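One-letter residues, chain by chain:
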Amino acid sequence: MNDPIVFGERILSVLNESEEVISINGQRNGEELTGHETAIIEDWWRDVTYLANEHLNEILLPTMDEYTWEQFGIRGRGVSRVLLSGEGKNFRADILPVDSRKCIYAVGSRGLSRVAFWDVLDKEMCREEYPEFSPQSESVLRWDHWDSTEEVVFLDGKFYAATPNKLGHPPFVIQLCQRGTFLETSSRALRMRGDSIFRANRDLYGELNKISSILQTMNMLSLSPPQVLKSESGEKLPDQPIYRLGRILALQTGKDELEPIKAPDIIGAGRFFMATLTGALQRGSLSNIDWGNLQFQLSQVAIATLAGASKQVFSPLVNTMARFKRLLVKEAIWQFRYFDLTADIGRIGRKRSYTKADLEGDYTVDFEYVPALPEEIAANYGLASMASRWMDDRSI
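Cut-offs used in this document
- Residues numbered from 1 in each chain as written.
- Predicted model: local features only at pLDDT ≥ 70, side-chain atom pairs only at ≥ 80, totals over all residues.
- Heavy atoms only, no water.
- Pairing = 2+ DSSP bridges.
- Helix = DSSP H or I, 4+ residues; strand = E, 2+ residues; numbered from the N terminus.
- Contact = heavy atoms within 4.5 Å.
- Axes fitted to C-alpha atoms, helices over the stretch in contact; angles between N-to-C directions.
- Expected span 1.5 Å × (residues − 1).
- Parallel < 35°, antiparallel > 145°, perpendicular 65-115°, else oblique.
- Nonpolar A, V, L, I, M, F, W, Y, C, P; charged D, E, K, R; others polar.
- Left-handed = near helix turned anticlockwise from the far one by under 90°.

Draft legend 1. Looking closely at the sheet that holds strand 15 (residues 362-370). Strand order in the open sheet formed by three strands is 2-1-15, with antiparallel pairing between adjacent strands. What marks the edges here is a single partner per strand, and that holds for strand 2 (31-32) and strand 15. Most of the contacts of helix 2 (residues 35-58) go to strand 1 (residues 19-28), to which it runs at about 130°, and overall it touches strand 1, strand 2 and strand 15.

Draft legend 2. Broad picture of helix 9 (residues 311-338). Here helix 9 spans 40 Å end to end across 28 residues, near enough to the 40 Å set by a 1.5 Å rise per residue. At the exit of helix 9 stands aspartate 340, carrying a positive phi of roughly 50°.

Draft legend 3. Region of interest: the pairing of strand 6 (residues 111-122). Bridge analysis of strand 5 (residues 103-108) against strand 6 gives six bridges, and the strand direction is antiparallel. Residue pairing across strands places isoleucine 104 opposite alanine 116, the latter belonging to strand 6. Remark: two residues form the turn of the hairpin made by strand 5 and strand 6, two consecutive strands paired antiparallel.

Draft legend 4. Quick look at the packing of helix 2 against helix 9. Interhelical geometry of helix 2 versus helix 9 gives an angle of 100° and a closest axis separation of 11 Å. By the criterion of interaxial angle, the relationship of helix 2 to helix 9 is roughly perpendicular. Here helix 2 contributes Ile41, Trp44 and Trp45 to the contact with helix 9, which in turn contributes Lys325, Leu328, Val329, Ala332, Ile333 and Phe336. Partitioned by chemical class, the residues of the contact of helix 2 with helix 9 number eight nonpolar, no polar and one charged.

Draft legend 5. Summary view of the packing of helix 3 (residues 64-75) against helix 9. It is the contact of helix 3 with helix 9, at a shortest axis distance of 10 Å, that shows an interaxial angle of 130°. By the angle between their axes, helix 3 is oblique relative to helix 9. Considering how the two elements wind past one another, helix 3 and helix 9 form a crossing that is right-handed. Where helix 3 abuts helix 9, its residues Asp65, Thr68, Trp69, Phe72 and Gly73 lie against Leu317, Val318, Thr320, Met321, Phe324 and Lys325. When grouped by side-chain class, the residues that make up the contact of helix 3 with helix 9 number six nonpolar, three polar and two charged.

In structure tokens, the structure reads:
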């Protein structure tokens, strides 16, 4: 059955359409940041994101948010490498999202101490990035290892180069999704951290496929049931099936007899199990109201209540993404200020110049994501319309 992929695509489509809200709070030179100053910081981050996404699209990868939403949903964790370099028009924002399945890392008392990931480069990309290496095949396996002192690259299992790490820490941001258990019960519990959206239903999809196969088998038996040919002569069955659309079989009157073998329909236990299974799958994923396939109307209160149940799926994802982006922009701002960079970046026709001074200060950049659920929005409008009779606009 296609339930897992439909559920996954539904979740990712809602998350990709969610509204991003950025808030910046802090001080510069002992005074609160003004609206103009926070706007410059926000514009800088949006322009850096645009530049990074343009590079990702050029190498046939989705944008940072699209890639990261999929990682948090399917893998339960997200990884990105942040490297800013260049000056002015040559400024480069190399923010590379990494598949967490291909990444290993170690955590020390001050955060990440070592990070390594592998990927596959085609021959042309390998020659462009590593001109001194001669590929022996059409693709090259690369291991990129970072720690606080150096970056070490291995190509096809062979040491290629070691470069000093001027940052003093691995330039990676890693976050685990708020799904699974973080209880310190045993070393085995570490595997349960940062689980995917399929955590609740992972073991149920196999049962759904099994009972669907049983039902389809019974449907086929009703169309083409097995039969028995009773004959005094004891003749063998014909080569072709007896029960066939339009087939004519000659039998001797009074002697030969053709009877179907009776096959039982699905019993009550099977129907009860099917109902229980579909209910469990719905409680572990999304309600019917989120799929838009209810067969009856509901009030705004009922819609708002049922839509709230879907927050068990979306809340861990949006909260994790907010933490991830906060750390991502923190690392990017730190590198821009540490190396005293300048950047002339932005969309074509709207490029802006930024310097280290534009990002100075003690502040935090926080993110919030609001999923766009049409049924919940409609229900809230209906409740607001009802409440307008006795409540003021500010309270609503």
